[in-house]
Amino acid sequence: METFVTIERALSIARETPVKFTTETVPLNQAHNRILASDLQSKVDDPPFDNSAMDGWAVDSKGTTPRESTCSPVRAGTLLSQVEWLTEPEDAHPIMTGAPIPLYADAIVMKEDGINGKAHTNFIRKTGENFLKGDTLLQTGQLMTPSAISLAATMGHETVTVRTKPRVAVISTGDELVRPGQELIEGQIYESNSFGLCALLEKVGCIPVVHNIVEDSLKGLRKTLNSLDCDAIITSGGVSMGEFDYVRKLMEEEGNLHFWKVAMRPGGPPLFGTWNGTPLFGLPGNPVSSHLVFMLLVAPWLAPEISLAKKVHVRMKDPVKGAPGKVCLRRIQILAEGDELVASTHTHQGSGNIHSMVVHNGVTYLQPDTNADTGNIIQALWFND
Ligand code: AMP
Ligand code: MG
């Protein structure tokens, strides 16, 4: 077991115990945000035949006499065989975008330029100029973005084989927690982490399975963990130094702990290990901490292909104080100003204030023991949305 590790070290330890998945074949229109589990070859050349990139006329660029046209237009979808025998040299054959090119023609005149306008050879899209039948264009591990889905369809695939979505149990711990919808009595707060964590899990292509709030007791926690049937477990709360931080205690005594505590603020006390062979991430209970630990450690562990934030450099408009020995993640609002990104802070920065994650769209990534003054350029994470 390692303790107080860097963010990079925490991630590499977690990656030694990856979440297990199998594969399934899904219709292409259900493949969005899934991860490809086999290489995909094209079933066709693209384009499959020479065709026009413009509406206009198909011409022989070497023709010398003024052009005229008596032919009916070649439309997209016209049979190639018809195009070949219908046409005569010297014709300027009206043609539509996507229509096959008559045999004698080697260029297109744009409709906008008129029939005697300039003939452009590069307005003919050549067979296979984008890719060829048999080319592997999407590899195992590819995230199926909207454009990757379109490409798979262009290649002739109606289904794709993808990784199954991991089923991830989400367990909130804490005697003070009550589900929204009920009246709070003194000492209670609304349980919020599981809601954000479920939304984050969906973003990274997992199936969240929320369990009832577990009270702060070894017995209750053990019972819940033993009842799970899932690919990974995420808990929130109960991982710090407190007397009733039973997730940490149980993992120390009866689980298999791989690391505890990471050099980041907020989000210092997370742990990772296995419970009965199932990987378990124990996130701190403070809402900002659980959210940021998910974004920085859990998401890249579960789905390295899906990015929730990008590393950028920003010029600070406000000073921010760093943290001794830890990467400091202050919430900031990043926006483009001229040719640079600038960042400012707007709310109370406490790790209990989830409002700070909504008002801002990123966090500083201030190296340990450094502060940033107004005007300094520093590293930051810019949330994707
Ligand atoms: P803990 O990590 O259990 O020490 O909790 C740290 C702080 O986060 C405490 O103020 C808790 O009340 C709060 N907290 C813990 N779990 C949740 C949760 N699921 N939703 C909202 N706040 C929580
Ligand atoms: Mg607690």
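Above this text you will find the structure in question.
Basis of the calculations
Residues numbered from 1 in each chain as written. Chains lettered and ligands numbered in written order. Predicted model: local features only at pLDDT ≥ 70, side-chain atom pairs only at ≥ 80, totals over all residues. Heavy atoms only, no water. Near = heavy atom within 4 Å. Polar contact = N/O pair within 3.5 Å; in protein donor to acceptor, adjacent residues only side chain to side chain. Areas by Shrake-Rupley, 256 points an atom, 1.4 Å probe, with all protein chains shown as cover. Nonpolar A, V, L, I, M, F, W, Y, C, P; charged D, E, K, R; others polar. Buried < 20%, exposed > 50% of the residue type's maximum accessible area, 1.4 Å probe, protein only. Helix = DSSP H or I, 4+ residues; strand = E, 2+ residues; numbered from the N terminus. Arc of directions from axis to C-beta. Pairing = 2+ DSSP bridges. Axes fitted to C-alpha atoms, helices over the stretch in contact; angles between N-to-C directions. 1 Å grid on protein atoms, 1.4 Å probe; cavity = no way out; pocket = protein on both sides within 12 Å on 5 of 7 lines; lining within 4 Å. Points joined across faces, edges and corners; volume = space filled by probe spheres on them. Contact = heavy atoms within 4.5 Å. Core = buried A, V, L, I, M, F, W, Y, C linked by side-chain atoms within 4.5 Å. Salt bridge = Lys/Arg side-chain N within 4 Å of Asp/Glu carboxyl O. Phe/Tyr/Trp six-rings, centres within 6.5 Å; stacked < 30°, edge-to-face > 60°. Lys NZ or Arg CZ within 6 Å of the ring centre and 35° of its normal.

Caption draft 1: Just the site of ligand 1, in detail. Close to ligand 1 lie 17 residues; Glu176, Glu191, Ser192, Gly238 and Gly285 are nearest. Between a nitrogen atom of ligand 1 and a main-chain N or O atom of serine 192, the distance comes to 3.0 Å. Glycine 285 places a polar main-chain atom, nitrogen or oxygen, 2.9 Å from an oxygen atom of ligand 1. Considered on its own, ligand 1 offers 480 Å² of accessible surface; in the complex 77% of this is hidden by protein. For the shell around ligand 1, the residue count by class is five nonpolar, nine polar and three charged.

Caption draft 2: Highlighting helix α1 (residues 7-15). Burial in α1 covers these residues: Ile7, Ala10, Leu11, Ile13 and Ala14. Angularly, the buried residues of α1 cover 160° about the axis, an arc narrow enough to put them on a single face.

Caption draft 3: Molecular detail of the sheet that holds strand β23 (residues 331-337). What the five strands build is a closed barrel, ordered β21-β24-β23-β25-β26; its pairing is mixed. Between one strand axis and the next, the sheet turns by 50° as a mean value, whatever way the strands run. Taken together, the three bridges between strand β25 (residues 362-364) and strand β26 (residues 377-383) define a ladder with antiparallel strand orientation. Looking at the pairing, glycine 362 lines up with tryptophan 382 of β26.

Caption draft 4: Summary view of empty space enclosed by the protein. Applying the stated rule across the entire model yields two cavities of 30 Å³ or more. Taken as a whole, the second largest cavity spans an internal volume of roughly 30 Å³. Thr173, Val214, Glu215, Asp216, Ser217, Leu221, Gly238, Tyr246 and Val247 together form the lining of the second largest cavity. When its residues are assigned to classes, the lining of the second largest cavity shows four nonpolar, three polar and two charged.

Caption draft 5: Region of interest: helix α5 (residues 218-226). For α5, the complete set of buried residues consists of Gly220, Leu221, Thr224 and Leu225. Burial along α5 is one-sided: seen end-on, the buried residues are contained in an arc of 125°. For α5, the exposed residues set more than 90 degrees away from the buried face come down to Lys219 and Lys223. In this structure, the buried side of α5 is in contact with β12 (167-172), β16 (232-236), α6 (246-254), β19 (271-275) and β20 (278-283).

Caption draft 6: Local environment of the pairing of β12. Of all the six residues making up β12, five are buried; the element is thus mostly covered by neighbouring parts of the structure. In this sheet, β16 lies alongside β12 in parallel orientation, the contact comprising five bridges. In the sheet register, alanine 169 faces β16, and the bridge partner there is isoleucine 233.

Caption draft 7: Structural detail: the sheet that holds strand β6 (residues 93-95). Read across the open sheet, the four strands follow the order β6-β5-β7-β8; overall the sheet is antiparallel. Each edge of the sheet is formed by a strand with only one pairing partner; in this case those strands are β6 and β8 (119-120).

Caption draft 8: The arrangement of the side chain of histidine 120 in detail. With respect to the element layout, histidine 120 can be found in strand β8. Classification of histidine 120 by relative accessible area gives buried; the value is 16%.

Caption draft 9: Summary view of the nonpolar core. Within the largest apolar cluster, 46 residues are counted, with the highest numbers of intra-cluster contacts made by Val204, Ile234, Phe281, Phe294, Trp301 and Leu302. Looking at this core, the elements with two or more residues in it are α1, β12, α4 (193-203), β16, β17 (256-262), β20, α7 (287-302) and β26. With eleven residues, α7 is the largest single contributor of residues to this core. If you look at the next biggest cluster of nonpolar residues, it comprises 18 residues, including Ala169, Leu221, Val247 and Trp260.

Caption draft 10: Up close: the side chain of threonine 17. Relative to the helices and strands, threonine 17 is located in the loop between α1 and β2 (23-27). Classification of threonine 17 as buried rests on a relative accessible area of 17%. With residues up to four places along the chain from it excluded, the contact list for threonine 17 reads His258, Phe272, Thr274, Pro279 and Trp301.

Caption draft 11: Seen up close, the pattern of salt bridges. Tallied over the full model, the rule gives ten salt bridges. When the shortest N-O distance is used, the salt bridge between glutamate 340 and arginine 315 registers 2.9 Å. With glutamate 340 in strand β24 (residues 340-344) and arginine 315 in strand β21 (residues 309-316), this residue pair connects regions lying 25 residues apart in the sequence. When its relative accessible area of 28% is taken as the criterion, glutamate 340 is described as partly exposed. A salt bridge links glutamate 337 to lysine 317; the nearest nitrogen and oxygen atoms lie 2.9 Å apart. Taken together, the residues glutamate 337 in strand β23 and lysine 317 in the loop between β21 and β22 (327-328) connect sequence positions 20 residues apart. With a relative accessible area of 37%, glutamate 337 lands in the partly exposed category. Put simply, Asp60, Lys62 and Asp106 are held in one network by salt bridges that share partners.

Caption draft 12: Main features of the packing of aromatic side chains. Per the counting criterion, the structure on display carries six aromatic pairs. Between phenylalanine 259 and phenylalanine 272, the aromatic rings sit 6.1 Å apart at their centres with planes inclined by 25°, giving stacked as the arrangement. Residue phenylalanine 259 is located in strand β17, and its partner phenylalanine 272 is located in strand β19; the two are separated by 13 residues in the primary sequence. Both residues of the pair, phenylalanine 259 and phenylalanine 272, belong to the buried class. The ring of tryptophan 382 carries lysine 310 above its face, with NZ or CZ at 5.4 Å from the centroid.

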